[in-house]
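So the chains spell out like this:
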Amino acid sequence: MVTLSPYIPNALPDDRPAEELAELEYGKLTSEKYLYVSKHPLGEPLPLPIDDEPPYIIYIATYISYLILIIIGHIRDFFGKIFKPSEYADLIEKDGYAPWYDGFESFYVRRLKTRIDDCFARPIHGAPGRYIKCFNRIRHGKTGYLYDGTSNECLNLSSYNYLGFAQSHGVCTDFALKCVEDYGTSGCSPRSYIGTTDLHKECERVIADFVGKEDAIIVSQGYGTNANLFASIADPKTLVISDELNHASIRFGIRLSGASVKVFKHNDMNDLEKLIRTQIAQGQPKTHRPWKKIIIAVEGLYSMEGNMVNLPKILELKEKYKCYLFVDEAHSIGALGPEGRGVCDYFQVEPSRVDILMGTFTKSFGATGGYIAADKEIIDKFRLNYITQNYSECVPPPVLGQIISSLSVIKGTLNPGEGKERLERIAFNSRYLRLGLKKLGFIVYGADDSPVIPLLLFLPAKMPALSRMLYDMKIAVVIVSYPATPLISARARLCVSSALTKEDLDYVLRKFDELGDLIFLKFSSGIAGGSKIPGQPPRWSIEDVLATNVEDTKMPKLGQFY
């Protein structure tokens, strides 16, 4: 008899051989053909990704689906408050006290999200490498779960472990353990002062050298890196021009600084230039005096859309109108460029042309925290008035060891050749899976070299259907919907890693092909360059995809194939 517990059990023991466990965390490269160098041709404009649109019937069905769900939900709320008041105590005024929640504002979470909550936040254990272990659970009541102590080992397309450094064995793990022996876990040692050790200084030096800046500063939280950054460089006389799809941490940080903010359409360089010209002409809102400074804030790689910033064009505008440029490389650092140095490396531009480079260690480097890299004068100012760094806990030594060792592997100073292989594997894997899905007829957003692959689902019922079916097929993906995306643009976000093998991706493509036909997900019109390819069907068979995809993946522009 299986015992069910409402609590998540401890990590399950795994007595398989070490070599087998290592391959489950990072698959072996089976052929040199499955490598590719991620680099944009110097001087060529960045082609805008073609966002394919589904038939109008899909949009209509999506709106009707949400309308039906909303109507039924409000009917249940109305009668539930009358006949089952105990279940709606949080929404009903009692003894003169206001309700905990407003029924309308909490409606989406209560009536839509909680119905498919089993598709989100699945608890895991072990290293999130090539495979990820998810605890099995069954629904108990409206919001609870029961756990039977077993887990499901799935192919991992759900983690930001881009370069596969989140391993329980290997050179990075050994280096981190050595740091624990030398420094302990808190960082306090005879060589430390005010929580800072020589290891912290070494880590900042390594980061600055890696991204091509004079100096860098590290903090223990990725979100907090942006949350207080703008308060140190902006004030009410500053204008921040922000991309409309910038991360919540950037938007929060701009609001906290008190600076004026204007938003331009995502990656629309014409709209950006028009906005800059208008703001220079108008000046500050009340006095119309010139702005003290104008800062353009963008991301290197947008994690919901899979798009890259048009860095060459933005640098051209920045230098033309004498603005400052801030680039958030949380998802691009380590994942893009022939040397893994992010968007500057990918577009072959000098990092000195970007004023502030920000990034996190949680994605490509298998660690935690974030960094800011800039000229030494700017970093010296941050050391005095940057709240996150001054009032937060310092980064623990084992995390510093993970950062330093993973960067050393990428640069080739530690385990020469391994970093190059990891970079070329993620470049190949990203293009291979993206092109395969597009050939099969799925609508996929994003740039060719992006390791984030959003596959559009649209209808709300397809979110739980795809997630649960893939989970049964031993494939873990992330389902994303409102408010992270527009209401009608629900999607499965596939996060590619260098830990995956080409054979893993073939398995994923086969299963997506089956599910795409089963639950009707192949909405693509087969467009390429704005028109259908003469003589080519809008979707390929899975056998044709697997037979041609390796060679096609290495073509400079994938658009000609979908």
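A brief report on the enclosed structure follows. If you're wondering where the values come from, they're calculated on a predicted model, not measured in any experiment.

### Brief notes about the overall build of the chain
Part 1: Within the chain one finds 18 helices and 16 strands.
Part 2: Against the 2.2 N^0.38 benchmark of 24 Å for 562 residues, the chain shows a C-alpha radius of gyration of 25 Å, consistent with a compact globule.
Part 3: For the C-alpha atoms alone, the extent of the chain along its principal axes is close to 65 × 60 × 60 Å.
Part 4: By the burial criterion, 53% of the 562 residues in the chain qualify as buried.

### Some words on the sheet that holds strand E5 (residues 238-243)
Part 1: Read from one edge of the open sheet, seven strands run E4-E10-E9-E8-E7-E5-E6, paired in mixed fashion. The outermost strands of the open sheet, each flanked by one partner alone, are strand E4 (215-219) and strand E6 (260-264). With strand direction ignored, the average angle separating the axes of adjacent strands in the sheet is 20°.
Part 2: In the packing of helix H9 (residues 269-282) onto the sheet, the strands contacted are E5, E6 and strand E7 (293-299), and the crossing angle to E6 comes to about 150°.
Part 3: Taken strand by strand, helix H10 (residues 311-320) contacts E7 and strand E8 (324-328), and its axis lies near 155° from that of E8.

### Description of empty space enclosed by the protein
Part 1: Applying the stated rule across the entire model yields three cavities of 30 Å³ or more.
Part 2: For the second largest cavity, the calculated volume is near 50 Å³.
Part 3: Around the second largest cavity, the lining residues are Lys 28, Leu 29, Thr 30, Tyr 34, Arg 425, Asn 429, Leu 500, Thr 501 and Lys 502.
Part 4: Residue composition of the lining of the second largest cavity, by class: three nonpolar, three polar and three charged.

### Remarks on unusual backbone geometry
Part 1: Cis geometry is found at the peptide bond from Tyr 482 to Pro 483, where omega equals 5°.
Part 2: With respect to the element layout, Pro 483 can be found in the loop between strand E13 (478-480) and strand E14 (491-495).
Part 3: Backbone geometry places Asn 415, a non-glycine residue, at a positive phi of 50°.
Part 4: Assignment of secondary structure puts Asn 415 in the loop between helix H14 (397-411) and helix H15 (418-440).
Part 5: What makes Asn 415 partly exposed here is its relative accessible area of 36%.
Part 6: In this structure, Phe 458 takes a positive phi of about 70° despite not being glycine.
Part 7: Looking at the secondary structure, you find Phe 458 in the loop between strand E11 (452-456) and helix H16 (462-472).

### Quick word on the packing of aromatic side chains
Part 1: Applying the stated criterion across every chain, the model contains 17 aromatic pairs.
Part 2: For the ring pair Tyr 160 and Tyr 162, a centre distance of 5.9 Å and an interplane angle of 50° mean the geometry is tilted.
Part 3: Given a relative accessible area of 22%, Tyr 160 falls into the partly exposed group.
Part 4: By relative accessible area, which is 0% here, Tyr 162 ends up buried.
Part 5: Centre to centre, the rings of Phe 428 and Tyr 432 are 5.3 Å apart; their planes meet at 25°, and the pair counts as stacked. In this pair, Phe 428 and Tyr 432 both sit in helix H15, four residues apart, roughly one turn of the helix. As far as burial versus exposure is concerned, Phe 428 and Tyr 432 are alike and both buried.
Part 6: Members of the aromatic cluster, connected to one another through ring pairs, are Tyr 59, Phe 458, Phe 520 and Phe 523.

### Examining the side chain of His 331
Part 1: By the secondary structure assignment, His 331 is in the loop between E8 and helix H11 (343-347).
Part 2: Relative accessible area serves as the criterion here: at 6%, His 331 is assigned to the buried category.
Part 3: Separated by 2.9 Å, the side chains of His 331 and Tyr 162 make a polar contact.
Part 4: Excluding residues within four positions of it along the chain, His 331 makes contact with Tyr 160, Tyr 162, Leu 301, Ser 303 and Lys 363.

Criteria and thresholds
- Residues numbered from 1 in each chain as written.
- Predicted model: local features only at pLDDT ≥ 70, side-chain atom pairs only at ≥ 80, totals over all residues.
- Heavy atoms only, no water.
- Helix = DSSP H or I, 4+ residues; strand = E, 2+ residues; numbered from the N terminus.
- Rg over C-alpha atoms; globule rule 2.2 N^0.38 Å.
- Buried < 20%, exposed > 50% of the residue type's maximum accessible area, 1.4 Å probe, protein only.
- Pairing = 2+ DSSP bridges.
- Axes fitted to C-alpha atoms, helices over the stretch in contact; angles between N-to-C directions.
- Contact = heavy atoms within 4.5 Å.
- 1 Å grid on protein atoms, 1.4 Å probe; cavity = no way out; pocket = protein on both sides within 12 Å on 5 of 7 lines; lining within 4 Å.
- Points joined across faces, edges and corners; volume = space filled by probe spheres on them.
- Nonpolar A, V, L, I, M, F, W, Y, C, P; charged D, E, K, R; others polar.
- Phe/Tyr/Trp six-rings, centres within 6.5 Å; stacked < 30°, edge-to-face > 60°.
- Polar contact = N/O pair within 3.5 Å; in protein donor to acceptor, adjacent residues only side chain to side chain.

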